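Remarks on the overall topology
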Amino acid sequence: MRLSHAFIPTLKETPAEAQIASHRLMLRAGLVRQTSAGIYAWLPLGLRVLRNIERIVRAEQDAAGAQEILMPTIQPAELWKESGRYEDYGKEMLRIRDRHDRDMLYGPTNEEMVTDLFRQSIRSYKELPQILYHIQWKFRDEVRPRFGVMRGREFLMKDAYSFDIDHAGAVNSYRKMMLAYMRTFQRMGLKAIPMEADTGPIGGDLSHEFIILAPTGESQVYYDAAFEEIDYLSGDSFSHEKPEDLARFFEVMTGHYAATDEKHDAARWDQVAANRKREGRGIEVGHIFYFGTKYTKSMGAVVAGPDGKPLHPEMGSYGVGVSRLVGAVIEASHDDNGIIWPDSIAPFKAAILNLKIGDAGCDALCERLYAAFGGNALYDDRADRAGAKFADADLMGHPWQVVVGPRGAAAGTVELKRRATGERVEVTPEEVLARIGA
Ligand code: 5CA
């Protein structure tokens, strides 16, 4: 993308309505614009990040054996009347009436709809387990939407739903999703910690939230250093395949101390060795629930069991705040100059900064690099001051900056800057591509 013609409306001034760094930076770097309270339009730079996050979430769901579907945003009220949540959900639910006077709603979550799909099609225990997921917009009419995309009214969620024949199966699915989440967050360059949580309006009796560490996080967290040391992605770490492996994984996740403020247990905290104690701030980016037969019973979903008798499958649901993650990553990774994207979700791998537009050497070298990046670079081809280009590249947070000036271009070199460390090296264009791996 050429910056001279890109729809990336950066702001010089700090928007007054934004109270936290990620919200300020998302507006300033031109990622999103608010269209109504808590509702945002995603602009090219922001959308590329959102899509990258989706891609990682999807890959890890698929790897764990979950199957992607796509349920609609608009749901019939009948389903929610069956589960009993139509009244319970209160004002957070956006209720709509269609032209035939039928009660509809904009889905805040999809337990009812997925249970309905399940009961229409699955007949036998032999077809279980099933884990279904989708990545779809939700609407919750929050009283006080704030912090930009972190607490919006319309937001993108990955929600998965598991169906098993018994408690042991459901617990295995729950652990599988927990592992998928730890892998997902690590791939995004985040340190995530699962913490026991309340179940709220989803219901059930086992629940964990996934908190990522960020100095500006909403809640105070206490945890064992173990969570900073585990590598969930290495070849010889945990696998989804075997229940024994998942049990060992779950033991590690729940055997080490981790709690938010509300659940903090001073007596248990005292048991943690002093050199293993960690404290910090955190942001909830995911939440998983086991609730057994709550929905399958109330909605009459049954399958034939091994003995031929009907049984209500046991369910869990598993949410990731996909759009919230864009803000959460920025909270975890920024400095005074702007965003610092982790490589895996950055909108572009690199920015190419042409310091002298019109200089034949600079222009030719930049064009050559731009072509070689094949769409993975943002080319700053604006007739602007060098200072403005540096500032915008830092603000937008590209992991690498390739700086092309007339002297270097004549000598066949460029300056390569790593955004995260500020480190600069003088290299040949060939080395740029080799290092960044475009
Ligand atoms: N049905 C369950 C799991 S699929 C559920 O809805 N869980 S939830 O309410 O905890 O939401 C899941 C995730 O969505 C949260 O962890 C959070 O990351 C994200 N989320 C929830 N509310 C909002 C909101 N108002 N704005 C942005 N993200 C949100």
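Here the structure is shown first, and the text comes after it.
A brief structural summary. (Residues numbered from 1 in each chain as written. Predicted model: local features only at pLDDT ≥ 70, side-chain atom pairs only at ≥ 80, totals over all residues. Heavy atoms only, no water.)

1. Topic: the pairing of strand β7 (residues 130–139)
Put simply, the test is: Each residue is placed in one exposure class: buried if its accessible area under a 1.4 Å probe, protein chains only, is under 20% of its type's maximum, exposed if it is over 50%, and partly exposed if it falls in between. Starting at the N terminus, helices and strands are each numbered in turn, a helix being any DSSP run of H or I of at least four residues and a strand any DSSP run of E of at least two. Here, any two strands with at least 2 DSSP bridges between them count as paired.
With 9 of 10 residues buried, β7 lies mostly within the body of the structure. Two strands pair when backbone bridges link them, and strand β3 (residues 67–68) and β7 are joined in this way by 2 bridges, in the parallel orientation. Within the sheet, the bridge partner assigned to Q67 lies in β7 and is L132. As paired strands, β7 and strand β8 (residues 154–164) are joined by 10 bridges and run antiparallel to one another. Opposite F139, over in β8, you have E154 as the bridge partner.

2. Some points on unusual backbone geometry
Here L128 and P129 are connected by a cis peptide whose omega angle stands at 0 degrees. Structurally, P129 is set in the loop between α5 (111–121) and β7. Of note in the backbone geometry, D101 takes a positive phi value of approximately 65 degrees without being a glycine. With respect to the element layout, D101 can be found in the loop between β5 (94–97) and β6 (103–106). Residue classification places D101 among the exposed positions, given a relative accessible area of 58%.

3. As for the layout of surface pockets
Operational definition: Lining residues are those with an atom within 4 Å of a point, where the points come from a 1 Å grid over the protein atoms alone and group into cavities, where a 1.4 Å probe fits but cannot get out, or pockets, open sets with protein on both sides within 12 Å along at least five of seven lines. Grid points are joined across faces, edges and corners, and a volume is the space filled by probe spheres set on the points. Put simply, Ala, Val, Leu, Ile, Met, Phe, Trp, Tyr, Cys and Pro go in the nonpolar bin, Asp, Glu, Lys and Arg in the charged bin, and everything else, Gly too, in the polar bin.
Estimates place the volume of the largest pocket at around 960 Å³. Lining the largest pocket are 41 residues, with R140, E209, E284, H287 and R324 positioned closest to its centre. At 7 residues, the largest contribution of residues to the lining of the largest pocket is made by strand β13 (residues 277–292). Taken together, the residues of the lining of the largest pocket break down into 15 nonpolar, 12 polar and 14 charged. Its boundaries defined by the atoms lining it, the second largest pocket holds a volume of some 230 Å³. If you trace the second largest pocket, you find 13 residues lining it, with E196, Y257, A258, A259 and R268 closest to the centre. Elements with a contribution of two residues or more to the lining of the second largest pocket: β9 (192–196), α8 (243–255) and β12 (258–260).

4. A word on the site of the ligand
Applied cut-off: Throughout, the term near means that a residue has one or more heavy atoms lying within 4 Å of the molecule or strand in question. Whenever a nitrogen or oxygen atom comes within 3.5 Å of another N or O atom, the pair is scored as a polar contact, on the condition that within protein one atom can donate a hydrogen and the other can accept it, and that pairs from neighbouring residues in sequence are kept only if both atoms are in side chains. Accessible surface area values rest on a Shrake-Rupley calculation with a 1.4 Å probe, where residue burial reflects the displayed protein chains alone. More than half of a molecule's atoms within 2 Å of the grid points is what it takes for that molecule to sit in a cavity or pocket.
Taken together, 22 residues lie near the ligand, and T109, E111, R140, G152 and E284 sit nearest. One nitrogen or oxygen atom from the main chain of V285 is found 3.3 Å from an oxygen atom belonging to the ligand. Here the ligand, which alone exposes 600 Å², has 95% of that area covered by the protein. The pocket occupied by the ligand, as judged from atoms lying within 2 Å of grid points, is the largest pocket. Per element, the largest residue contribution to the shell around the ligand is 5 residues, and it comes from β13. Of the residues belonging to the shell around the ligand, the class tally is 8 nonpolar, 7 polar and 7 charged.

5. Observations regarding the side chain of S162
Here S162 shows up in strand β8. Taking relative accessible area as the criterion, S162 reaches 0% and is therefore assigned buried. Here Y318 takes part through its side chain, which lies 2.7 Å from a polar atom of the side chain of S162.

6. Some words on the state of the cysteines
Think of a disulfide as a covalent bridge from one cysteine sulfur atom to another cysteine sulfur atom. Convention followed: Note on terminology: disulfide denotes any pair of cysteine sulfur atoms within 2.5 Å.
Scanning the model with the defined rule gives 0 disulfides in all. Looking at C362, it has no disulfide partner, and the nearest cysteine sulfur is the one in C366, 6.1 Å off.

7. Concerning the packing of aromatic side chains
Any pair of aromatic rings gets described here by the distance separating the centres and the angle formed by the planes. Using the following cut-off: The criterion for an aromatic pair is that two Phe, Tyr or Trp rings (for Trp, the six-membered ring) have centres within 6.5 Å, with stacked assigned to planes under 30 degrees apart, edge-to-face to planes over 60 apart and tilted to the rest.
This structure, assessed with the given rule, holds 14 aromatic pairs. Aromatic pair W80 and Y89: ring centres 5.6 Å apart, planes at 80 degrees, arrangement edge-to-face. Side by side, W80 and Y89 carry an identical accessibility label, which is buried. Geometrically, the ring pair formed by F291 and Y295 is edge-to-face, given 5.0 Å between the ring centres and 75 degrees between the ring planes. The same class applies to F291 as to Y295, namely buried.

8. Looking at the packing of helix α1 (residues 21–28) against helix α11 (residues 322–332)
Note the following rule: Here, axes are lines fitted to C-alpha atoms. For helices the fit covers the stretch in contact, and angles between N-to-C directions go from 0 to 180 degrees. We call two directions roughly parallel when the angle between them is under 35 degrees, roughly antiparallel when it is over 145, roughly perpendicular when it lies between 65 and 115, and oblique otherwise. Residues count as neighbours in contact if any of their non-hydrogen atoms are within 4.5 Å of one another.
Look at α1 against α11: their axes get within 8 Å of each other, and the N-to-C directions meet at 110 degrees. Classified by the angle between their axes, α1 and α11 sit roughly perpendicular to one another. Facing α1, whose interface residues are A21, S22, H23, L25 and M26, α11 presents V326, G327, I330 and E331. Across the contact of α1 with α11, the residue classes break down as 5 nonpolar, 3 polar and 1 charged.

9. A closer look at α5
Burial runs high along α5: 8 of the 11 residues are buried. Among the residues making up α5, those that are buried are E111, E112, M113, V114, T115, D116, F118 and R119.

10. So, the sheet that holds strand β20 (residues 377–380)
Strands sit in the order β20-β19-β21-β22-β23 across an open sheet of 5 strands; the sheet is mixed. Where the open sheet ends on each side, the last strands, each with one partner, are β20 and β23 (424–427). With direction set aside, neighbouring strand axes in the sheet form an average angle of 20 degrees. Sheet analysis places strand β22 (residues 414–418) next to β23, joined by 4 bridges and oriented antiparallel. Pairing of K417 across the sheet is with R424, part of β23. Sitting on the sheet, helix α12 (residues 360–373) is in contact with β19 (350–354), β20, β21 (400–404) and β22, with an inclination near 165 degrees to β19.

Interpretation in functional terms is not warranted from these geometric data alone.
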